[in-house]
Amino acid sequence: MPDNKISMVMFDLSGTTIRDDQAVRDCLYKAAQEFNLKTTPEEILMHMGTNKIHLYQFLIARSRGKKIEIEDFERIKDPDTLEEAMKVFERYQQLMIDHYREHAQSVPGTEETFQWCRERGIKVCVDTGFHRPVVEVIMEKVGWVKNKLVDLVVDVE
């Protein structure tokens, strides 16, 4: 008979265990604005699940008059927009680091849930679509790894 005991749980970061307060949208939008890319916070929110570099490639291509859909960047490589998109993305990432260095805060009940799991021998993992530099700042600020509330952190890198 198989052991049905839960041995590990995986939690998302932004908006699930870490308060978001639209920070991702706002940082994506601010970086786009700093590079004079025409968009709105609502459009950014509409494309939140999109690869952030592809989002910026789309906005750059559109600003240059290219007729291309955002979904196309998932299927094709567009070297004409990649270099500039990487610069916008790097700025976005720095904005995220600055935000979370100051404001990273867990959703109420998160630490208690992690502790409940740990007391029952359940490993706690968190995952995210953020890149490692952003995740490192969040983990440092909330102290989950240092305080042994989280066993593993998975990011996109």
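Residues numbered from 1 in each chain as written. Predicted model: local features only at pLDDT ≥ 70, side-chain atom pairs only at ≥ 80, totals over all residues. Heavy atoms only, no water.

Q: Give me the lowdown on the side chain of Thr128, citing residues and values where you can.
A: With respect to the helices and strands, the residue Thr128 is situated in the loop between β2 (123–127) and α7 (132–142). Within polar-contact distance, the side chain of Thr128 engages the backbone nitrogen of Phe130 at 3.1 Å. What Thr128 contacts, discounting residues up to four positions off in sequence, is Asp12, Leu13, Val135, Val154, Asp155 and Val156. (Helix = DSSP H or I, 4+ residues; strand = E, 2+ residues; numbered from the N terminus. Polar contact = N/O pair within 3.5 Å; in protein donor to acceptor, adjacent residues only side chain to side chain. Contact = heavy atoms within 4.5 Å.)

Q: Please give an account of helix α1 (residues 23–34) that cites residues and values.
A: Its twelve residues place the ends of α1 16 Å apart at the C-alpha level, agreeing with the 16 Å of an ideal helix rising 1.5 Å per residue. All buried positions along α1 are accounted for by Ala23, Val24, Arg25, Cys27, Leu28, Ala31 and Ala32. Of the surrounding elements, those touching the buried residues of α1 are α2 (41–46), α3 (52–63) and α5 (79–103). Positive phi shows up at Asn36, right after α1, with a value of about 60°. (Expected span 1.5 Å × (residues − 1). Buried < 20%, exposed > 50% of the residue type's maximum accessible area, 1.4 Å probe, protein only.)

Q: An account of the pairing of strand β1 (residues 8–12) is needed here, citing residue identities and associated values.
A: Here β1 shows a buried face lined by Val9 and Phe11 and an unburied face lined by Met8, Met10 and Asp12. Alignment of β1 against β2, held across five bridges, turns out to be parallel. Along β2, the bridge assignment pairs Val9 with Val124. (Pairing = 2+ DSSP bridges.)

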